[in-house]
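# Structural description and commentary
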Amino acid sequence: MRMPSSAYQDPAKEQLSDRNFMAWLPLDFQDGTIEVDVASDLATDAPGYARGFIGLAFRIDAAGRFENIYLRPTNSVSDDQVRRNHSVQYAAYPDHLFDRLRRETPEKYETYADIATGRWIRMKLVVSGLQAILYLDNKPTPALVVQDLKLGARQCGGVGIWLESGTIAHFRNLKITHTMSAAGQ
């Protein structure tokens, strides 16, 4: 999947920010595990800021709010170490976007991961209450741990594959497993 180039952000006209472009399933997901294989490539018309953005949106509600953990595969192979450190990102749409989180709590919601465009990456996201733990490529050690999901433990809703400007996104083997939340018990 990909967004039309007419929807790409223009940094000359707007500040680059997380947006709500995704394909999603209208589920009632609150807590559980989301597993999927993702791959991304840059479109031939990708803007210079494109990073192969692809990720998982979850707890997507009727008002369009959602939590999101996404990958920036081209950052992982950059020669710039600061950019490499921004390979994986957590955000919550619409009020806790990457730029706000980076400004208010530098490094807390993003990290480095050994990923790249043009290859399949296994994402496993375990969500429980206020916590989300991301595992990549079947590794036993988490790539990112978020202890304070911004939309709260009671947030629930759909699950989606998220992307951003200039990305051609591929996904397969989506598996969603629900668990009873502590809030729902």
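Residues numbered from 1 in each chain as written. Predicted model: local features only at pLDDT ≥ 70, side-chain atom pairs only at ≥ 80, totals over all residues. Heavy atoms only, no water.

## Quick notes on the sheet that holds strand β6 (residues 110–111)
Strands sit in the order β1-β10-β3-β4-β5-β6 across an open sheet of 6 strands; the sheet is antiparallel. Edge positions in the sheet fall to β1 (22–29) and β6, since each has one partner strand and no second. Pairing of strand β5 (residues 88–93) with β6 involves 2 bridges; the strand directions are antiparallel. Considered in β6, the bridge of Gln89 is made with Glu110. (Pairing = 2+ DSSP bridges. Helix = DSSP H or I, 4+ residues; strand = E, 2+ residues; numbered from the N terminus.)

## A look at the packing of aromatic side chains
Following the criterion strictly, the structure yields 5 aromatic pairs and no others. Arranged with centres 5.1 Å apart and planes meeting at 15°, the rings of Phe66 and Tyr93 form a pair that is stacked. Note that Phe66 is positioned in strand β4 (residues 66–71) and Tyr93 in strand β5, a separation of 27 residues in sequence. Look at Phe66 and you get buried, because its relative accessible area is 1%. Connected via pairs of aromatic rings, a cluster forms that spans Phe53, Tyr70 and Trp162. The ring of Tyr135 has Lys124 sitting right over it, with the charged end atom 5.9 Å from the ring centre. (Phe/Tyr/Trp six-rings, centres within 6.5 Å; stacked < 30°, edge-to-face > 60°. Buried < 20%, exposed > 50% of the residue type's maximum accessible area, 1.4 Å probe, protein only. Lys NZ or Arg CZ within 6 Å of the ring centre and 35° of its normal.)

## Overview of the environment of Ile121
If you trace the backbone, Ile121 turns up in strand β7 (residues 121–128). Given the relative accessible area of 2%, Ile121 is considered buried. Considered as a pair, Ile121 and Ser40 are 81 residues apart in the sequence and their alpha carbons are 9.2 Å apart. Ile121 has contacts with Val36, Asp37, Val38, Leu71, Ile115, Ala116, Leu136 and Asp137, leaving out every residue within four places of it along the chain. (Contact = heavy atoms within 4.5 Å.)

## Quick word on the side chain of Asp99
Mapped onto the elements of the fold, Asp99 is located in helix α3 (residues 98–104). Buried within the structure, Asp99 lacks any salt-bridge partner; Arg103 is the closest side chain of opposite charge, at an N-O distance of 4.7 Å. A polar contact of 2.6 Å, which involves the side chain of Asp99, links it to the side chain of Gln15. Dropping the residues within four chain positions of it, Asp99 is found in contact with Gln15, Leu16 and Ser17. (Lys, Arg positive; Asp, Glu negative; His and termini not counted. Salt bridge = Lys/Arg side-chain N within 4 Å of Asp/Glu carboxyl O. Polar contact = N/O pair within 3.5 Å; in protein donor to acceptor, adjacent residues only side chain to side chain.)

That is the geometry; function is a separate question.
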